[in-house]
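Overview (structure and organization)
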Protein chains: 2
Amino acid sequence: MQNYKAPQRDTLFTLYELLGFESHYADLGFEEVSNDLVTAIFSEAAKFAENTLAPINAVGDEEGCGFDNGVVTTPTGFKEAYQQYVEGGWPSMAHPEEYGGQALPYSLATSMAEWFSGANHSWAMYPGLSQGCMETLKAHGTDKQREMFLHKLVEGSWTGTMCLTEPHCGSDLGMLKCKAEPNDDGTYSLTGTKIFISAGEHDMSENIVHIVLARLPDAPAGTKGISLFIVPKYHVDENGEKGERNTVVCGSIEHKMGIKGSATCVMNFDGAKGHLIGEPNRGLNCMFTFMNMARIGTGMEGLSAIEAAFQGALAYAKDRLQFRSLTGRKNESGPADPIIVHPDVRRMLLTQKSLREGCRALAIYCMKMVDVTLYEKDAEKRQIADAKLALLTPIVKAFLTETAQECTSYGMQVYGGHGYIKEWGMEQLARDTRICTMYEGTTGIQAIDLLARKVVGSQGKLLQVFTQEIRTYCASLRDKQQFNAWANAVESHVDEWEQLTNDIMKSAANNPDELGAAAVDYLMYSGYVSVSYFWLQMAVTAQQKLDEGSTEVDFYQAKLQSAQFYFDRMLTRTRSLVSAIHSGADNLMSMSEEAFYQG
Amino acid sequence: MQNYKAPQRDTLFTLYELLGFESHYADLGFEEVSNDLVTAIFSEAAKFAENTLAPINAVGDEEGCGFDNGVVTTPTGFKEAYQQYVEGGWPSMAHPEEYGGQALPYSLATSMAEWFSGANHSWAMYPGLSQGCMETLKAHGTDKQREMFLHKLVEGSWTGTMCLTEPHCGSDLGMLKCKAEPNDDGTYSLTGTKIFISAGEHDMSENIVHIVLARLPDAPAGTKGISLFIVPKYHVDENGEKGERNTVVCGSIEHKMGIKGSATCVMNFDGAKGHLIGEPNRGLNCMFTFMNMARIGTGMEGLSAIEAAFQGALAYAKDRLQFRSLTGRKNESGPADPIIVHPDVRRMLLTQKSLREGCRALAIYCMKMVDVTLYEKDAEKRQIADAKLALLTPIVKAFLTETAQECTSYGMQVYGGHGYIKEWGMEQLARDTRICTMYEGTTGIQAIDLLARKVVGSQGKLLQVFTQEIRTYCASLRDKQQFNAWANAVESHVDEWEQLTNDIMKSAANNPDELGAAAVDYLMYSGYVSVSYFWLQMAVTAQQKLDEGSTEVDFYQAKLQSAQFYFDRMLTRTRSLVSAIHSGADNLMSMSEEAFYQG
């Protein structure tokens, strides 16, 4: 099995050379967060990912979680790794000092989360969910609630969850039934069943803080009658001290295709005591804070799988000898050439490579925008960043996880039959990653969020905020002849993107199903075009470094070659997407339900 | 979990209404194989698939195979199902009466194999491998060898395997090392290790007949020094009686992503006694008989997974209530609409449906060609069928298994998070099917076989045999205005297919890597175009039936609607493939091996 290596060089390239994070941090008041400091922190994160998390990844898959009468045990080594994580201070990075945090920027904590997930997707979900819980408390909790819960969460001795899904409602949260009855002391008693609760029960932390969606007795039907509650596994008093066991228990854990080291719990609330967070009936709005961050986080999981699959496939492609190159022997002394000489193997590797780097740039760009929304003082700048983030969040979630399916599949494919055997680790990657297009809102849900809610909902304005940035950048390259072809390709796609948007808006005015019919292809189109913008920038940056005489010639040369590959073979995927979008909704809607299957 | 149903109606449509099998069988001397007889046999096959094989599919995945000191045990129920299969006379269908066979056409036995695989991929591999072994014996064995081995194989009390792969050589068989030393009595002693041997050891049959590739002591290096041997688990005397144990043993079984009920064995040959089959050093040529049939068989496995995933997704899409249709409530009395009202869910279902039917037509067309090569007396007709088969075999293998990845992935995706949970059965389908693009020659290998060996190797002539048939058919539709647009689409793709071929041949003359750079996209292009030809025919046939007043209005109407979907949203995938092909090899070959990864 290939050992996972944290992609330090490429991440730092993206942060500093490509996206100018040193001045970004300085502009936001993080002057102390220098390039050097980040490099040092990342170097420690890399060690933790490579030496602690990666070695227990296969173990986690092999053992899975145990369940016995409400008690969940995590796989061998998971608890100890979590202890190390806490001792290293990792949970507290991006949280306020008043709760024991290190007050470092959000983007710093989340960009390295890619590595934890790449080394061990299952393990990384436990702290990942905790972060979601903390963000929700920070954004919507009262001072008292923050005092009660945040200290231990930031420290890491407690963990958190988000409890949304019920058996009959996944995406359609308006249907949820879990009830919250007010008690005399201002608390609430929650009753109902939640499913698919990641980290709902486990043996890593002293307490588990559940953030739960439920309905008050007098709540209106649908999404406007949902409130948000904090329900701890062990009661917590006003001083934040842990007390008796609350009546929330894990009823069972799911048997899944992958992420077997992550406990996916059925949680039964049986009059469990909870605390209302935010306004009554406004729970879904509060939840969006978490959901947007979770969606970018899920996109990062996709990216992390692309990276790991690329590393595994590349190592095998250099090692495995099979056939001779069609252009003559490349490994004269060996019995055959390494399979990396074969064009189709390179096609798979370059698909992984160009997505690994292109998607990383897109994802870290989004984290930069999150930083701006959190720390920027200028309201207009915050608003622009917010607009870009609103547009790009569903793209990051869906595009990075959909392309992760292809890339992890190639990870296996490069190995041939060996890719199917457990010991090589490639099939686990594919299984673990498969959940990413389904949880935190399926690709179809992201696509409707992008097209209907964001793009059409803003009459195209959210899109224009981003396309304007792209156009401005392309215009700035007019005198760089070397990049004219690529800049023109990006620009003409941006024109087409807006034209497609107008076409869809027009046809959807007569038939709302046109939105659903175009949505997923439109999202994938948007993904390929967005990433092309970052490939253009990466190429320009790389050429600059080469012109300045950098000694990392292979690194920067590969950026230019990967850009060529991306423009030739990835961006061209938009051709078929455009054809499909233009074909409209009739070819989907005309068939009667009964006619779908006749034997 | 959705119960698997054998797609009887659609299979019979394909055989009789679309491809004229009644006259096809009559022309080949199978006058007794009437439509009625076939329907009756298929009805029994459906029962066996649905009632015997489907119920033990999840069990097989859960339990997997056991291994203890060379002994392999299959999952609960597998042995009993095999016994039923033998008692039902299924193994003997397409074999000569002199060996106890029923002398029915090849296509009859293999078209129903789709159902066995659809109900239980793992189980179906045991008899599937046996068929490969029998075909090899029939084609290349001496009379004596056939007498010794075929009776019991045809009866089913013995099973067979094909032993090709070794640890250091998968596709590149020229590197194989297994040795065969001649004995004084005309037999050979085989020594070496074979891996990935499906059904290499198990508890279903009294003896296992291995067909093994090995090298004679004086053999030339490479593929021209490989011979083929019969090596039985228990020695067999000249009368076909089983004797003592031979020195071939199973060393271990693989732990795999899927097909866990299928024993994938490491087989150790330790001076095992074998019989040369065919000429010395011509083993690879003999193996091609098996390999071509196995490739179509693997394509059928892909098809079977598309079918099963479609059935599962469709049932859930009709049942699961989530959100309202954007065009108004469709399920007024319920809390939400079934998700089949949503365009994107339909997009996934129609992708499955249009491939299920289009790929079935392509596959059964190939079986018709196999029949012609086996039973036709006219040499020219045999030659034409052989040419079409040579062209289409790699397409069927790779296109049906690649699209099966997408369709089984959609099977899960339609279920949302539930698709990831084992109890629904959709994730098993995806895992089981994942092997199909890798074994029996990866997609990359099929693509090179198609483009380099078949198309360019014949200077385009093999392609023309098929495109001429398509052109003739399209021309015959000129007066059917309703079909002009689709016929024109097929014709213009056929023009483009030939043009692409010429372009590639030209560029490959200067740089052979151009073949590898184009190959997989060219294969997928060829698949989409080939299937479009069958969708055109299916639409014309369906309209004819409707015009004739058929009462199966839903069935035929759905064919026309599925054709519309296919032409609008599947055939248009060729646009991006053409762009990628035209981009050439440079964007794949320019990067140095070292530059691929720099951290």
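Thresholds applied
- Residues numbered from 1 in each chain as written.
- Chains lettered and ligands numbered in written order.
- Predicted model: local features only at pLDDT ≥ 70, side-chain atom pairs only at ≥ 80, totals over all residues.
- Heavy atoms only, no water.
- UniProt positions renumbered as here; feature names shortened; annotations may be inferred.
- Helix = DSSP H or I, 4+ residues; strand = E, 2+ residues; numbered from the N terminus.
- Rg over C-alpha atoms; globule rule 2.2 N^0.38 Å.
- Buried < 20%, exposed > 50% of the residue type's maximum accessible area, 1.4 Å probe, protein only.
- Contact = heavy atoms within 4.5 Å.
- Areas by Shrake-Rupley, 256 points an atom, 1.4 Å probe, with all protein chains shown as cover.
- Patch = residues over 30% accessible without salt bridge, like charges linked within 9 Å, V, L, I, M, F, W, Y side chains within 5 Å.
- Salt bridge = Lys/Arg side-chain N within 4 Å of Asp/Glu carboxyl O.
- Lys, Arg positive; Asp, Glu negative; His and termini not counted.
- Charge placed at Lys NZ, Arg CZ, Asp CG, Glu CD.
- Phe/Tyr/Trp six-rings, centres within 6.5 Å; stacked < 30°, edge-to-face > 60°.
- Lys NZ or Arg CZ within 6 Å of the ring centre and 35° of its normal.
- Core = buried A, V, L, I, M, F, W, Y, C linked by side-chain atoms within 4.5 Å.
- Least-squares fit on C-alpha atoms with pLDDT ≥ 70 in both.
- Buried area = accessible area lost by both parts, 1.4 Å probe.
- Pairing = 2+ DSSP bridges.
- Expected span 1.5 Å × (residues − 1).
- Polar contact = N/O pair within 3.5 Å; in protein donor to acceptor, adjacent residues only side chain to side chain.
- Axes fitted to C-alpha atoms, helices over the stretch in contact; angles between N-to-C directions.
- Parallel < 35°, antiparallel > 145°, perpendicular 65-115°, else oblique.
- Left-handed = near helix turned anticlockwise from the far one by under 90°.
- Nonpolar A, V, L, I, M, F, W, Y, C, P; charged D, E, K, R; others polar.

An unreviewed UniProt entry annotates chain A as Acyl-CoA dehydrogenase C-terminal domain-containing protein of Alteromonas arenosi. Quoted verbatim from the Sequence similarities (unreviewed entry) field of the UniProt record, the comment on chain A reads "Belongs to the acyl-CoA dehydrogenase family."

1. Describing the overall build of chain A
In terms of helices and strands, chain A carries 20 helices and 11 strands. Relative to a compact globule of 599 residues, whose C-alpha radius of gyration would be 25 Å, chain A shows 24 Å and is just as compact. In terms of its C-alpha atoms, chain A occupies a principal-axis envelope of roughly 80 × 65 × 60 Å. Evaluated residue by residue, chain A yields a buried proportion of 65% over its 599 residues. Excluding contacts between residues fewer than 6 apart, the proportion of contacts in chain A whose partners are at least 24 apart in sequence is 75%. Total accessible area computed for chain A in this model is approximately 20,300 Å², and 49% of it derives from carbon and sulfur atoms.

2. Structural notes on a negative patch on the surface
A surface patch of negative charge is lined by D27, E31, E32 and E97 of chain A. Topologically, E31 of chain A is positioned in the loop between α2 (21-27) and α3 (35-53).

3. A word on the packing of aromatic side chains
In total, this model carries 60 aromatic pairs over all chains according to the counting rule given. With 5.0 Å between their ring centres and 50° between their planes, Y533 of chain B and F534 of chain B make a pair best called tilted. Grouping residues by exposure puts Y533 of chain B and F534 of chain B together as buried. Of the aromatic side chains, those joined through ring pairs into one cluster are F48, Y82, Y85, W90, F116 and W123 of chain A. Lying over the aromatic face of Y234 of chain A, K242 of chain A brings its terminal NZ or CZ to 4.3 Å of the ring centre. Here the basic side chain of R9 of chain B rests over the ring of F555 of chain B, its NZ or CZ set 4.4 Å away from the ring centre.

4. Details of the nonpolar core
Ranked by size, the top nonpolar core spans 425 residues in total, and within it W123 and L536 of chain A together with W123 and L536 of chain B carry the most contacts. Apart from residues no more than four positions distant in its own chain, L536 of chain A is found in contact with Y473, C474, L477, F483, W486, A487, V490 and F567 of chain A.

5. Some details on the relation of the copies chain B and chain A
You can overlay chain B on chain A at an RMSD of 0.0 Å; the transform is a turn of 180° with a shift of 0.0 Å along its axis. Within this description, the copies of the chain are treated as partners about a two-fold rotation axis. A shared binding surface is used by both copies, with 100% of the interface residues of chain B retained as interface residues in chain A.

6. Quick word on the UniProt feature "domain: Acyl-CoA dehydrogenase/oxidase N-terminal" (unreviewed entry) in chain A
When the UniProt feature table is mapped to this numbering, "domain: Acyl-CoA dehydrogenase/oxidase N-terminal" (unreviewed entry) covers residues 40-156 of chain A. In residues 40-156 of chain A, the share of helix is 66% and the share of strand is 5%. The end C-alpha atoms are 22 Å apart.

7. Details of the interface of chain B and chain A
Tallying the contact residues gives 106 residues for chain B and 107 residues for chain A. Interface area, chain B with chain A, both sides summed: about 8,900 Å², of which 59% is carbon and sulfur. In terms of surface lost to chain A, no three residues of chain B exceed Y420, R569 and F596 of chain B, which account for 10% of the buried area on that side. Joining chain B to chain A, the criterion identifies 2 salt bridges.

8. Here we look at the pairing of strand β11 (residues 264-277) of chain B
Residues and elements named next belong to chain B. Extensive coverage of β11 is indicated by the burial of 10 of its 14 residues. Both strand β5 (residues 188-198) and β11 contribute to a ladder of 9 bridges, which runs antiparallel. Residue pairing for β11: K194 is matched across the bridge by M267. With 3 bridges connecting them, strand β7 (residues 227-232) and β11 associate as antiparallel partners. By the bridge assignment, L228 is partnered in β11 with I277.

9. Remarks on helix α15 (residues 461-475) of chain B
Helix length check: α15 of chain B, at 15 residues, gives a terminal C-alpha distance of 21 Å against a target of 21 Å (1.5 Å per residue), a fit within 8%. Turning to α15 of chain B, its buried residues are L462, L463, F466, T467, E469, I470, Y473 and C474 of chain B.

10. Some points on the UniProt feature "domain: Acyl-CoA oxidase/dehydrogenase middle" (unreviewed entry) in chain A
As annotated in UniProt, the feature "domain: Acyl-CoA oxidase/dehydrogenase middle" (unreviewed entry) corresponds to residues 162-270 of chain A in the numbering used here. Helix makes up 0% of residues 162-270 of chain A and strand 47%, with an end-to-end C-alpha separation of 17 Å.

11. Comments concerning the pattern of salt bridges
Throughout the structure, instances matching the rule amount to 69 salt bridges over all chains. The partner of R360 of chain B in a salt bridge is E114 of chain B, and the shortest N-O contact between them spans 2.9 Å. With R360 of chain B in helix α11 (residues 343-375) and E114 of chain B in helix α7 (residues 113-119), this pair connects stretches of sequence that are 246 residues apart. Grouping residues by exposure puts R360 of chain B and E114 of chain B together as buried. Residues joined in a network through salt bridges with shared partners are D10, E114, E307, K353, R356, E357, R360 and K559 of chain A.

12. Re the side chain of E307 of chain B
Mapped onto the elements of the fold, E307 of chain B is located in helix α10 (residues 283-319). A polar contact of 2.7 Å, which involves the side chain of E307 of chain B, links it to the side chain of Q311 of chain B. Contact partners of E307 of chain B, with chain neighbours within four places excluded, come to Y597 of chain A together with Y4, P7, E114, R356 and R360 of chain B.

13. Some points on unusual backbone geometry
All names here are of chain B. Of note, the phi angle at F196 is positive, near 60°, even though the residue is not glycine. Of the residues examined, F196 reaches a relative accessible area of 21% and is grouped as partly exposed. The phi dihedral of N281 falls on the positive side, at around 65°, and the residue is not glycine. The partly exposed category is assigned to N281, whose relative accessible area is 23%.

14. So, the packing of helix α16 (residues 484-510) of chain B against helix α17 (residues 513-547) of chain B
All names here are of chain B. Where α16 contacts α17, the two axes come as close as 10 Å, and the packing angle between them is 160°. Compared by their axis directions, α16 and α17 come out roughly antiparallel. Considering only the axes of α16 and α17, their crossing is left-handed. Residues W486, A487, V490, H493, V494, E496, W497, L500, T501, I504, S507 and A508 of α16 pack against E514, L515, A518, Y522, Y525, S526, V529, S530, S532, Y533, L536 and A539 of α17.

15. Overview of the environment of V414 of chain A
All names here are of chain A. Within the secondary structure layout, V414 lies in helix α12 (residues 379-414). Using a relative accessible area of 5% as the deciding quantity, one classes V414 as buried. For the pair formed by V414 and D344, sequence separation is 70 residues and the distance between their alpha carbons is 9.3 Å. Each residue touching V414, except ones within four places of it in the same chain, is listed here: A313, Y316, A317, I339, V345 and M348.

16. Re helix α18 (residues 553-570) of chain B
Taking 1.5 Å as the rise per residue, α18 of chain B with 18 residues should run 26 Å; its terminal C-alpha atoms sit 24 Å apart, in good agreement. The element α18 of chain B is extensively covered by neighbouring structure, given that 14 of its 18 residues are classed as buried.

17. Here we look at the packing of α10 of chain B against helix α12 (residues 379-414) of chain B
All names here are of chain B. Here α10 crosses α12 at 25°, and the two axes come no closer than 7 Å. As judged from the angle between their axes, α10 and α12 are roughly parallel. Classified by chirality, the crossing of α12 by α10 is left-handed. Class assignment for the residues of the contact of α10 with α12 results in 14 nonpolar, 9 polar and 2 charged.

18. Description of the side chain of S354 of chain A
Residues and elements named next belong to chain A. Mapped onto the fold, S354 is located in helix α11 (residues 343-375). A distance of 3.4 Å separates a polar side-chain atom of S354 from the backbone oxygen of T351. Those residues in contact with S354 that lie beyond four places of it in its chain are W535, S562, F565, Y566 and M570.

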